[in-house]
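Single-letter residue listing:
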Amino acid sequence: MHNGSFRTALAAAAFLMPILATPTFAAQPAAEAEIFPPWQHGKNNDATNRGFEFTVPQVDDLADFHGDITDPKLVLYVGGNYFFAMAPLVAEFEKEHPDYKGRIYWETIPPGLLVKQIEAGGTITSGNMTWTAKPDAYLAGLKKVDALIGQGLLTDHAVPYVTNTLTIMVPKGNPAHVTGLADLGKPDVRLAMPNPEFEGIARQIEASLKKAGGQALADAVYKTKVADGSTILTHIHHRQTPLFLMQGRADAGVTWQSEAMFQEQAGNPITHVDFPANQNTTAIYAGAVVKGAPHPEAAKLWLSFVHSPEALSIFERYGFKPYTGKAPTD
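Residues numbered from 1 in each chain as written. Predicted model: local features only at pLDDT ≥ 70, side-chain atom pairs only at ≥ 80, totals over all residues. Heavy atoms only, no water.

(A) Layout of the overall build of the protein. A count of helices and strands for the protein gives 11 helices and 13 strands. Within the protein, residue pairs in contact and separated by at least 24 positions form 78% of the contacts whose partners lie at least 6 positions apart. Of the accessible surface of the protein, which amounts to about 15700 Å², a share of 56% is contributed by carbon and sulfur atoms. (Helix = DSSP H or I, 4+ residues; strand = E, 2+ residues; numbered from the N terminus. Contact = heavy atoms within 4.5 Å. Areas by Shrake-Rupley, 256 points an atom, 1.4 Å probe, with all protein chains shown as cover.)

Encoded structure:
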């Protein structure tokens, strides 16, 4: 090898060595690493003994499974769109009921997927891990809860507690200049939207799209743009929609108002665009005891707690409103 070529090879090797020697997760810029869930830095886990902590965002991360499954005294299946409120809710509940400290396990995947888990006897597999946590209480939209009571999966009666409305979540600065629901039908506006197959919010979104632009707008968002790839259907919108917006994979996505408020409060580069009340849709949140619950009395205690003044004040931090007995607007 000529001296010049040899020096060039050495220089190239010296340049590559630090890159090759650095683990992939460490090479990721901090700002990039922080956009991946979980976003609450361990607060959504009431376990008193966490042992060895191992979490690698984007690689090894069970963001929607919380607490210790070893011997819980209360197991909650909670529709994921208020995962962020669960940390302060559980803390307040355990303050009022110290016997439950560190003994609550909860999941926050979409309501339709939680039903599949109930039907599977509480067993779920994520990645290479399989475990069973039979639920005591199920919390989701009132219509879903009533339907499941009718099907015999839930028992007793539905307990409604708060309401929520929709908004359009966008990246900070709103680069696509989205001003309302009608803009979501534009071919050049890339969307992240909940999958109607197992995300209940999709029904409310479609109702709002029809109010804003008729069936044509609903079809553009959920049919035409899905077919051409400019609408991505999410499996778990409360994680994927903000993540896709922060990654630049989407320009907008319809979510619950509370989800956008949480992202803003967490300091993530997210904002939202409100649209008129006559185009919006209100959801009522409710819960019920699961048939065959291992801890039915604990479930009833939680269902009593979620509409208490203390719980409602926590929900209100994220834009929820107390349920007043009025019928849903959709």
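Moving on, there is more to tell.
(B) Looking closely at a nonpolar patch on the surface. Nonpolar side chains collect at one region of the surface, where Leu-62, Ile-69 and Met-129 lie side by side and expose about 230 Å² of accessible area between them. Overall, Ile-69 belongs to the partly exposed group, its relative accessible area being 31%. (Patch = residues over 30% accessible without salt bridge, like charges linked within 9 Å, V, L, I, M, F, W, Y side chains within 5 Å. Salt bridge = Lys/Arg side-chain N within 4 Å of Asp/Glu carboxyl O. Buried < 20%, exposed > 50% of the residue type's maximum accessible area, 1.4 Å probe, protein only.)

(C) Examining the packing of aromatic side chains more closely. In the structure shown here, the tally under the stated rule is 17 aromatic pairs. Here Tyr-285 and Phe-320 contribute two aromatic rings whose centre-to-centre distance is 5.5 Å and whose plane-to-plane angle is 85°, an arrangement assigned as edge-to-face. Here the residue Tyr-285 occupies a position in strand β12 (residues 282–290), and Phe-320 occupies one in the loop between α11 (309–316) and β13 (321–322), the gap between them amounting to 35 residues. Using a relative accessible area of 4% as the deciding quantity, one classes Tyr-285 as buried. Between Trp-302 and Phe-305, the aromatic rings sit 5.2 Å apart at their centres with planes inclined by 50°, giving tilted as the arrangement. Highlighted residues: Trp-302 and Phe-305, both in helix α10 (residues 296–305), separated by three residues, approximately one helical turn. The exposure class of Phe-305 is buried, given its relative accessible area of 3%. We note Lys-73 situated over the ring of Tyr-100; from NZ or CZ to the ring centre the distance is 5.0 Å. Note that Arg-249 overlies the ring of Phe-244, its terminal NZ or CZ placed 4.1 Å from the centroid. (Phe/Tyr/Trp six-rings, centres within 6.5 Å; stacked < 30°, edge-to-face > 60°. Lys NZ or Arg CZ within 6 Å of the ring centre and 35° of its normal.)

(D) How the structure looks around the pattern of salt bridges. Under the defined criterion, the tally for this structure stands at seven salt bridges. Across the salt bridge formed by Asp-183 and Lys-186, the nearest N and O atoms sit 3.1 Å from each other. On the basis of relative accessibility, which here comes to 11%, the residue Asp-183 falls in the buried class. A salt bridge links Glu-297 to Lys-300; the shortest N-O distance between them is 3.7 Å. Remark: Lys-300 and Glu-297 occur in helix α10; sequence separation between them is three residues, near one turn of the helix.

(E) Representation of helix α5 (residues 111–119). Of the residues making up α5, those classed as buried are Pro-111, Gly-112, Leu-114, Val-115, Gln-117 and Ile-118. Structurally, α5 contributes buried residues whose contacts are with β2 (74–78), β3 (104–107), β4 (123–126), β6 (137–141), α6 (142–151) and β12. Phi turns positive one or two residues past the end of α5, at Gly-121, with a value near 75°.

(F) Representation of the packing of helix α4 (residues 83–96) against α10 in the model. The contact between α4 and α10 brings their axes to 11 Å, and the two run at 115°. Between α4 and α10, the angle falls in the class roughly perpendicular. Two packed elements cross with a definite hand, and for α4 against α10 that hand is right-handed. Across the interface between the two elements, Met-86, Leu-89, Val-90, Glu-92, Phe-93 and Glu-96 of α4 pack against Leu-301, Trp-302 and Phe-305 of α10. Tallied by class, residues from the contact of α4 with α10 come to seven nonpolar, no polar and two charged. (Axes fitted to C-alpha atoms, helices over the stretch in contact; angles between N-to-C directions. Parallel < 35°, antiparallel > 145°, perpendicular 65-115°, else oblique. Left-handed = near helix turned anticlockwise from the far one by under 90°. Nonpolar A, V, L, I, M, F, W, Y, C, P; charged D, E, K, R; others polar.)

(G) Geometry of the nonpolar core. Core analysis: the biggest nonpolar cluster contains 58 residues, and Leu-76, Tyr-82, Leu-89, Ile-168, Leu-184 and Trp-302 have the highest contact counts within it. With eight residues, helix α7 (residues 201–228) is the largest single contributor of residues to this core. Beyond its immediate sequence surroundings of up to four residues, Tyr-82 is in contact with Leu-89, Leu-139, Tyr-161, Tyr-285, Phe-315 and Phe-320. (Core = buried A, V, L, I, M, F, W, Y, C linked by side-chain atoms within 4.5 Å.)

(H) Local environment of the pairing of β6. Of all five residues in β6, four are buried; the element is thus mostly enclosed. Where β2 meets β6, three bridges bridge the pair, whose relative direction is parallel. In the sheet register, Leu-76 faces β6, and the bridge partner there is Ala-137. Bridge count between β6 and β12: five bridges; the pairing is antiparallel. The residue of β12 that forms the bridge with Ala-137 is Val-289. (Pairing = 2+ DSSP bridges.)

(I) Here's a closer look at the confidence of the model for the protein. The pLDDT averaged across the protein works out to 87; a share of 85% of its residues lies at or above 70. Residue range residues 1–30 is modelled with pLDDT below 50. Its contacts to residues more than four positions away, or to other chains, number six contacts. (pLDDT = per-residue confidence, 0-100.)

(J) Representation of α11. Ala-311, Leu-312, Ile-314 and Phe-315 are the residues of α11 that are buried. Buried residues of α11, viewed axially, fall in a sector of 155°; they line one side. Its buried side turned inward, α11 meets α4, β7 (154–171), α10 and β13. (Arc of directions from axis to C-beta.)

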